[in-house]
Amino acid sequence: MSYCKSFWSYKFKKSGLRYEVGLSIKTGDICWLFGPFPPGDYNDLSIFNMALRGDLEQGERVESDKGYRGAAPESVNCPSYEVPDRREMSARVRLRHETANKRFKKWNILKAVYRHDILDHQAVLGAIACLTRLSFEHGEPLFPVEYDD
């Protein structure tokens, strides 16, 4: 993808796409995949507000990083708004999610220049999500977390 301000990721200093990926806190299963979005136009919070926030039941919240702090504390538990005695538990949940993200990123097609139709990228990421989930179930599970709500 050549340079286009909308697709420029200031975090990674190159062009790319942004997705929202969610794991079940209880099981670690990949249960949410939303995107793609141009990272120059959409941040984490704007993507969350478009869909997942509206799908939460009343009183339900998600664990997240600081990119979602604008939705805290009613829809999100993030580092800025953690209850001190839950800090370690929340950090462990976020660490497991980062472990899942790392497994996505080991697929070279997500690191290399994408040379195919941009409209096919979502299907590629969906296939990677399925294969990653299968790896969780067949030999490479994520570490368990205890979480009380």
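A quick note: this is a predicted structure, and the numbers were derived from the prediction, not measured.

Conventions adopted
Residues numbered from 1 in each chain as written. Predicted model: local features only at pLDDT ≥ 70, side-chain atom pairs only at ≥ 80, totals over all residues. Heavy atoms only, no water. Helix = DSSP H or I, 4+ residues; strand = E, 2+ residues; numbered from the N terminus. Rg over C-alpha atoms; globule rule 2.2 N^0.38 Å. Buried < 20%, exposed > 50% of the residue type's maximum accessible area, 1.4 Å probe, protein only. Contact = heavy atoms within 4.5 Å. Areas by Shrake-Rupley, 256 points an atom, 1.4 Å probe, with all protein chains shown as cover. Lys, Arg positive; Asp, Glu negative; His and termini not counted. Charge placed at Lys NZ, Arg CZ, Asp CG, Glu CD. Patch = residues over 30% accessible without salt bridge, like charges linked within 9 Å, V, L, I, M, F, W, Y side chains within 5 Å. Salt bridge = Lys/Arg side-chain N within 4 Å of Asp/Glu carboxyl O. Axes fitted to C-alpha atoms, helices over the stretch in contact; angles between N-to-C directions. Parallel < 35°, antiparallel > 145°, perpendicular 65-115°, else oblique. Left-handed = near helix turned anticlockwise from the far one by under 90°. Pairing = 2+ DSSP bridges. Phe/Tyr/Trp six-rings, centres within 6.5 Å; stacked < 30°, edge-to-face > 60°. Expected span 1.5 Å × (residues − 1). Arc of directions from axis to C-beta.

In this section: the overall build of the chain. A count of helices and strands for the chain gives 4 helices and 6 strands. Walking the chain from its N terminus toward its C terminus, one meets helices and strands in the order β-β-β-β-α-α-β-β-α-α. Taking 2.2 N^0.38 as the reference for a compact globule, 149 residues should give roughly 15 Å; the C-alpha atoms of the chain span a radius of gyration of 16 Å, in line with that estimate. In terms of principal-axis extent, the alpha carbons of the chain reach across some 45 × 35 × 25 Å. When burial is assessed residue by residue, the chain has 37% of its 149 residues classed as buried. Long-range pairs, those at least 24 residues apart, make up 48% of the contacts in the chain between residues at least 6 apart in sequence. Put simply, the chain shows about 9500 Å² of open surface, and 53% of that area lies on carbon and sulfur atoms. Here the chain holds 22 positive side-chain charges and 21 negative ones, and the gap between their average locations is 8 Å.

Glancing now at a nonpolar patch on the surface. Together, Trp107, Ile109, Leu131 and Leu134 line one region of the surface with nonpolar side chains, adding up to about 330 Å² of accessible area. Mapping tryptophan 107 onto the fold places it in the loop between helix H3 (87-105) and helix H4 (121-137). Taking the relative accessible area as the measure of exposure, tryptophan 107 reaches 32% and is therefore partly exposed.

Looking now at the packing of H3 against H4. Two numbers describe how H3 lies on H4: the axes approach to 10 Å, and their chain directions differ by 120°. With respect to H4, the axis of H3 lies oblique. Handedness of the crossing formed by H3 with H4: right-handed. Side by side, H3 and H4 meet where Ala100, Arg103 and Phe104 of the first sit next to Leu125, Ile128, Ala129, Thr132, Ser135 and Phe136 of the second.

Take the pairing of strand S3 (residues 18-23) next. With 5 of 6 residues buried, S3 is to be regarded as a mostly interior element. Inspection of the sheet shows S3 paired to strand S4 (residues 30-37) by 5 bridges, in the antiparallel sense. Following the sheet pairing, glutamate 20 is matched in S4 by phenylalanine 34.

Here we take up the packing of aromatic side chains. Taken as a whole, this structure holds 4 aromatic pairs when the rule is applied. Residues tryptophan 32 and phenylalanine 34 carry aromatic rings whose centres are separated by 5.9 Å and whose planes lie at 45° to one another, so their mutual orientation is tilted. On the accessibility criterion, phenylalanine 34 (24% relative accessible area) is partly exposed. Ring geometry for phenylalanine 37 against tyrosine 42: centres 5.1 Å apart, planes inclined by 55°, an arrangement best described as tilted. When its relative accessible area of 10% is taken as the criterion, phenylalanine 37 is described as buried. Given the relative accessible area of 29%, tyrosine 42 is considered partly exposed.

Attention now goes to H3. An ideal rise of 1.5 Å per residue puts 27 Å on 19 residues; H3 measures up with 27 Å between its terminal C-alpha atoms. Within H3 the residues assigned to the buried category are Met89, Ser90, Val93, Arg94, Arg96, His97, Ala100, Asn101, Arg103 and Phe104. Buried positions in H3, seen along its axis, are confined to an arc of 165° and lie on one side of it. Exposed and oriented more than 90 degrees from the buried face of H3 are Glu88 and Lys102.

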